[in-house]
Every structure is written in C-alpha cells, then in structure tokens.
Amino acid sequence: MTTTSQHQHPTNRSPEAMDIDLPPSTFDKTKFIKTSKTRVLTTATLSHPPFSYAHLAVTQLPNDEKQQQPELELDALQVKSYLTSALRQFLGATGAAIPVDILLVKGQDAWVRVPREDLAAFAAAVTAFPGTSSDSGGTLLLQIKACGDWLGALIARASEGDVWTR
Amino acid sequence: MVRLKDRYLLVNIIYTDVLPGQSRASVPDVLLYNQPTTGELRPQMLVKAIRGEVAALFGDCGSGAVDRSLQVKYLSPATSTFILRVSRAHYRLVWAALSFMNQVPVKNGRPCIFRVVRVSGTMRKIEEEAVRRAKLLILAAKDEMASKNGSSSSSADALGALLRSDSLASRTLAVRSGQDDSGLVCGYEDKDTSGDG
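Residues numbered from 1 in each chain as written. Chains lettered and ligands numbered in written order. Predicted model: local features only at pLDDT ≥ 70, side-chain atom pairs only at ≥ 80, totals over all residues. Heavy atoms only, no water.

Time to look at the packing of helix H2 (residues 43–66) of chain B against helix H3 (residues 91–100) of chain B. Two packed helices can be described by the angle between their axes and the distance between those axes. Residues and elements named next belong to chain B. Following both chains from N to C, one finds H2 and H3 inclined at 160 degrees, their axes separated by 8 Å at the closest point. As summarised for this structure, H2 and H3 are arranged roughly antiparallel, according to the angle between their axes. Along this stretch, H2 crosses H3, giving a crossing that reads as right-handed. Where H2 abuts H3, its residues Ile50, Glu53, Val54, Leu57, Phe58, Gly62 and Val66 lie against Leu93, Val94, Ala96, Ala97, Leu98 and Phe100. Its residues placed into classes, the contact of H2 with H3 shows 11 nonpolar, 1 polar and 1 charged. (Axes fitted to C-alpha atoms, helices over the stretch in contact; angles between N-to-C directions. Helix = DSSP H or I, 4+ residues; strand = E, 2+ residues; numbered from the N terminus. Parallel < 35°, antiparallel > 145°, perpendicular 65-115°, else oblique. Left-handed = near helix turned anticlockwise from the far one by under 90°. Contact = heavy atoms within 4.5 Å. Nonpolar A, V, L, I, M, F, W, Y, C, P; charged D, E, K, R; others polar.)

In structure tokens:
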C-alpha cells in the first residue's frame, strides 16, 4: 500500500511497491559498464602437448588361490622390458619403437611418458598384454591406473583415495 | 547397403642382383631388372609372406586389421607382376610390409624389390595400368637396344614413363630432359569411383 512520500516517483511504479523498495533504475546500462575486480591479462590454450603420461601398476596373479606371492621389487629395467614385450606383441616392430620414458618407479607403480599420438596404441597394448610368468610361478600383469595428457592431474587422481583412508 | 571398399595394389618384382652393363650385352638393362620370376612362386606363398611381414612390423593389431581382406587377385610369374586386394583403411600397412620384403618368398629365393606402382579402388583401372605398363616396357626395351646399337634416339621417354610416379606426365609421354629417378619411390593412387568396386 503506498504512502505519500516526499518524492513523486514515475508513474511506472506498481501499486504494490513499498517504500523500502529501491526506486526503479533510470540510468541506461548500455552506456555504462561496471568494472570488475578481476582483469584478464592474457589467455593461452595448450592444444597439443607433446607428451602423454600413464600410471601403471604391476600385479601378480597366483597360479592357485592359496599360494602366497612374495612382494616383487620393481625397477625401471623390469618395467621397460615388460612394456617392450607388450608393445612388440601387440604392435610389432613399430610398437617396440615407440619411445617410452620411465619417469618414476615406486613400489608396484610406475609412471611413464609417451608421445601424445601414441597414447592410444600404448594403452591398448598394455591392456592386451597377456602377462609374463614370474619367478614364483604366477603371472605378472600390467594394469593402467590412469593415463592422460597432464601429469599433475594423474598424480592428484592417484592420491585421491589417500585423503579418506589414511 | 554398406559398401565394403577395398584398394587394389599393382606390384612389380624388380631384381637387383644384376649389374648393368654386364657381359649380357644383347639384353637391355630394363629387361634384366624386370625378369620373369621362378614358377615356384604361388599366390599362397606370397600371401603367407606378406602376412608374416605385417605381423612382424605391426604385431597382432596390424595383422588383425589386414589378414581378413588380403588376397592375391592375380599373379603372373612371367611378367613378375601381381595384384593384391587389401581393405581401404589399412592398405598402407601392406605397402609398408612390401617395402621391407627383400627376397622372393620361395625356398632360396632371389633378392628382389617389391615395388608398388599403382593403387586403385577398382580392378578395371589396375588391369588397364598393367597393360599400359607392359607396352611401355616393350617400348623402353626397344629404345635401349636402339641406343645401344648406336642410333641416336631421343632420351628415354618410355623408360622415364615407367619409372615416373607423376601420372599426367607418364600418360602423355612428354619429352623431358634430364629426368631423375624420383619416380622410383612410390606409385600413383587412384580414388575409387562410384562404379564397380
């Protein structure tokens, strides 16, 4: 319900408007742009990173259920030899020629780097690897935990589980 | 209806273990390079050799892509020419495997080169090309014999047309001077037309 006030507002005010409402704006917004506090100085798009990264794990399948498998010590040479045989079996000589860089081997995990255009073939070859027989009679398999173009994202993804369980 | 599209490769077998200008002066060099092949070579041996090479170069993935559709459509030991059919998506794997093969796939095979001279989507164009190349070979041999016997003929048009990969020039047999053998590298590719496949 309107009450009389000092101002006489423009006639486009609805009858239900109350005094505490702000008066309708009269300035033209197209002529006045509000400055924001953040300014974009420059943008850059990284469209073709040269390398892709993969987080692999080596697991052991025992021959029978009850057999206890000792923890295997993984080093870079072993990882390289498993990857080479996986690539050679799936992709032949051109697969074995894919340049794989081993970045880190820790426990049962390995981080490797391949050229970006070879990531799909590499992932397929590692997944299709039938495994090699290990010393204690089981089968050693390779497993891709994650792969992608950005190493930081892979590392963060790997440690996600640790936030809640430890 | 979905069309299964293939590529047809026309391949020559070139023999390398002959030195030009040897004592066999009566035979022109171009015929020495394009000798007939031994009669032991059968289509199955050729397919087996190509499959083995694709498996060695490209592994399980490559041989799975190529094996189903690989077939020798025509083999002529007399002219050392054969025609392969491959699926359209993966014919380059077979071409690469042919580049790596260095001997005739028979027992104690001679060292040789497998040269792909034409890729086409239709069998008809491949056959026409094979016939055309046979004619050019005869012309080139005649030119060479004529120049050996001393009569001055024009520079080897037919030989250049045989070796060249540029289609227009080879079709019209244009006279060029100082041809280089850059045509030895690859054949000429035809896209398949909407006609027969």
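Let's shift gears to the nonpolar core. Counting residues in hydrophobic clusters, the biggest one holds 31 residues, and the most contacted among them are B:Leu9, B:Ile50, B:Phe82, B:Leu84, B:Leu98 and B:Phe114. Put simply, the parts of the chain that give this core at least two residues each are strand S1 (6–15), H2, strand S2 (71–76), strand S3 (81–87), H3 and strand S4 (112–120) of chain B. Broken down by element, this core gets its largest block of residues, 7 residues, from H2(B). If near-sequence neighbours (up to four positions away) are discounted, B:Phe114 is found in contact with B:Val11, B:Asn12, B:Ile13, B:Leu46, B:Phe82, B:Leu98, B:Met101, B:Gln103, B:Val104 and B:Pro105. Membership of the second largest hydrophobic core comes to 24 residues, among which are A:Tyr82, A:Leu91, A:Leu119 and A:Leu142. (Core = buried A, V, L, I, M, F, W, Y, C linked by side-chain atoms within 4.5 Å. Buried < 20%, exposed > 50% of the residue type's maximum accessible area, 1.4 Å probe, protein only.)

Right, let's get into the environment of A:Glu117. All names here are of chain A. Mapped onto the elements, Glu117 comes out in the loop between strand S3 (109–115) and helix H2 (119–127). Here Glu117 falls in the exposed class, since its relative accessible area comes to 64%. Between the alpha carbons of Glu117 and Ser52 there is a distance of 8.3 Å; along the sequence they are 65 residues apart.

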